[in-house]
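One letter stands for each residue in the lines below.
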Amino acid sequence: MNSLLHVRDLSVHSPAQPILHALSFTLEPGRILAVIGESGSGKSTLALSLMGLLPPGFQPRGELRLNGQNLLTLPESQWCQIRGKTLGMVFQEPMSALNPTRRIGAQIADTLRLHTTLTRSEIRDQTLVLMKQVGLLKAGVSERAYPHQLSGGQRQRALLAMALACKPALLIADEFTTALDPRTCEDMMALVRQHTEAHRMAVLMISHDLGLVRHHADHVLVLKDGTCVEQGPTASLFDTPVHPYTQALLSMSLHGAAHAPFTRLPVYTVPA
Ligand SMILES: Nc1ncnc2c1ncn2[C@@H]1O[C@H](COP(=O)(O)OP(=O)(O)OP(=O)(O)O)[C@@H](O)[C@H]1O
C-alpha cells in the first residue's frame, strides 16, 4: 500500500459529546484530499487530531498512521519533531499562528533552524527564497517586518512559507484561503500544487469553497455531524453524488452559496 496517511476508525469525543464517528480514509503522496461539510460537522476537529492539537479533554480513538506510525500513541515530545517538519499546517486566522513580537523573516528562519541542519547563512538564503516563492518579496515585504505591518493576505503568505519550509510530507490546510482575495487564493493554491508535484507533498484541505475544491482536490470526503457520508474522486463526487446530503450540499453551491458560510441544510438522518 502506497498511502502516506492511513486513518482507520478515528473517533473523537469531547467531554460533552461525540464529535467524530469512526472515520476511515487514506491519502497518497502527491494527492489533495478535500474535507467538506457544514459548520460544526467536525472538519477542524479532524485537522486538529491529525496535528495532535485537540483541545484538553478531547479523546481520540482508532488509528492515525503517518508513514506507518500511529500518531495517536506518540508522546508530545515526538509530536514536536513531526509538526513543522513532516506535517505542515496553515489555518484561516494567521495572526493566531504568528508571534507578534518576532520579525517575519526570523519566524520563517526558526522553522528551518528547528528542523534542518542548514548553516546560518543557508537559512538566511532559504528564508529569502521562501519569501520570494510566496510572493512576499514582490509585494515589498521585508524580512524585518513584524506581523502587524502585513496585510491579512501577506500574513497568510508568510504562514504558508513557514508551512512549506521543510518540504513536509503532509500539509493540513484548514480554510486557509477563506479570507483571501481570489488572486491571492489562486497564487497560494498554485504554490501548494507545485509542492504536490515537485515534492510529492500530500494535502488535506478543509474548505467551504466548493469551486476551489472541485478545481484542486483529487478526492473529496463529505462530513455530516462527524460521520463520513460519502467519499470519492472529485469528478465523480461532484458529477454523480450518491448521498442525499452530498446532493443537497452541492445543489446549495450551484445556487451561489459556495462562497458563503453554510446555513443549515434540511435535516438528514444517517441510517444506523
Ligand atoms: N474546544 C471545543 N470545546 C467543545 N466543543 C468543541 C470545541 N471545538 C469544537 N467543538 C464542537 O465540535 C463540533 C465540531 O466542531 P468543528 O470546529 O470541528 O466543526 P467544523 O466543521 O470545523 O466547523 P466550521 O466549518 O464552522 O469551522 C461542534 O459541535 C463544536 O461545537
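Residues numbered from 1 in each chain as written. Predicted model: local features only at pLDDT ≥ 70, side-chain atom pairs only at ≥ 80, totals over all residues.

The protein chain is annotated in an unreviewed UniProt entry as Peptide ABC transporter ATP-binding protein of Gluconobacter albidus. For the record of the protein chain, the UniProt heading Subcellular location (unreviewed entry) holds the text "Cell inner membrane". As its UniProt record puts it under Sequence similarities (unreviewed entry), the protein chain is described as follows: "Belongs to the ABC transporter superfamily." (UniProt positions renumbered as here; feature names shortened; annotations may be inferred.)

**Details of the overall build of the protein chain**
Counting secondary structure elements, the protein chain contains 9 helices and 10 strands. A globule of 272 residues ought to have a C-alpha radius of gyration of about 19 Å, and the protein chain, at 19 Å, matches this closely. Taken over the C-alpha atoms alone, the protein chain extends approximately 60 × 40 × 35 Å along its principal axes. For the protein chain, buried positions account for 39% of its 272 residues. When contacts within the protein chain are restricted to residue pairs at least 6 apart in sequence, long-range pairs at least 24 apart make up 66% of them. (Helix = DSSP H or I, 4+ residues; strand = E, 2+ residues; numbered from the N terminus. Rg over C-alpha atoms; globule rule 2.2 N^0.38 Å. Buried ≥ 20, exposed ≤ 12 C-beta atoms within 10 Å, placed from the backbone. Contact = placed C-beta atoms within 7 Å.)

**What about the nonpolar core?**
One finds Ala161 and Val203 to be the most contacted residues of the largest nonpolar core, which totals 71 residues. Per-element tally for this core: the top contributor is helix H5 (residues 152-164), with 7 residues. (Core = buried A, V, L, I, M, F, W, Y, C linked by C-beta atoms within 7 Å.)

**Structural notes on the site of the ligand**
In the neighbourhood of the ligand, the contacting residues comprise Ser14, Ile19, Gly37, Ser39, Gly40, Ser41, Gly42, Lys43, Ser44, Thr45 and Pro55. Class assignment for the residues of the shell around the ligand results in 2 nonpolar, 8 polar and 1 charged. (Near = placed C-beta within 6 Å. Nonpolar A, V, L, I, M, F, W, Y, C, P; charged D, E, K, R; others polar.)

**Remarks on the sheet that holds strand S7 (residues 170-174)**
Sheet architecture is open: 6 strands sit in the order S6-S7-S8-S3-S9-S10, paired in mixed fashion. Looking along the sheet, the strands with just one partner apiece sit at the ends: strand S6 (87-91) and strand S10 (227-233). Strand-to-strand twist of the sheet, defined as the mean angle between neighbouring strand axes without regard to direction, takes the value 15°. When S6 meets S7, the two strands line up parallel, connected through 5 bridges. Paired with Leu87 across the bridge in S7 is Leu170. On top of the sheet, H5 reaches S6 and S7; it is set at about 170° to S6, its chief contact. (Pairing = 2+ DSSP bridges. Axes fitted to C-alpha atoms, helices over the stretch in contact; angles between N-to-C directions.)

**Some details on the pairing of strand S2 (residues 18-27)**
In summary, the side chains of a regular strand alternate between the two faces of the sheet. As paired elements, strand S1 (residues 5-13) and S2 share 6 bridges and run antiparallel to each other. What sits directly across from His13, in S2, is Pro18. Remark: 4 residues form the turn of the hairpin made by S1 and S2, two consecutive strands paired antiparallel.

**Focus on the confidence of the model for the protein chain**
Looking at the protein chain as a whole, its pLDDT mean stands at 90, while 93% of the residues score no less than 70. Segment residues 257-264 is flagged for pLDDT under 50; beyond a separation of four residues in sequence, or across chains, it makes 11 contacts in the model. Scored by ipTM, the complex comes to 0.96, with pTM at 0.90. (pLDDT = per-residue confidence, 0-100.)

**Some remarks on the UniProt feature "domain: ABC transporter" (unreviewed entry) in the protein chain**
In this structure's numbering, the residues bearing the UniProt feature "domain: ABC transporter" (unreviewed entry) are residues 5-250. Structurally, residues 5-250 is divided into 37% helix and 25% strand, and its ends, taken at the C-alpha atoms, are 27 Å apart.

**Comments concerning helix H6 (residues 182-199)**
Compared with the 26 Å implied by 1.5 Å per residue over 18 residues, the 25 Å span of H6 between its first and last C-alpha is a close match. Listed as buried for H6 are Thr184, Met188, Met189, Val192 and His195. Along the axis of H6, the buried residues cluster in a sector spanning 130°; they form a single face. Exposed positions of H6 whose direction lies more than 90 degrees from the buried face are Pro182, Arg183, Ala190, Glu197 and Ala198. Those residues of H6 that are buried lie in contact with H5, S7, strand S8 (202-206) and helix H7 (210-216). (Expected span 1.5 Å × (residues − 1). Arc of directions from axis to C-beta.)

**Side note on the sheet that holds strand S5 (residues 69-70)**
The strand order across the open sheet formed by 4 strands is S2-S1-S4-S5, and the pairing between neighbours is antiparallel. At either end of the open sheet lies a strand with only one pairing partner, and these are S2 and S5. By the bridge criterion, 2 bridges tie strand S4 (residues 59-66) to S5 in an arrangement that is antiparallel. What sits directly across from Arg65, in S5, is Asn70. Sheet contacts for helix H1 (residues 43-50): S1, S2 and S4; angle to S2, the most-contacted strand, approximately 65°.

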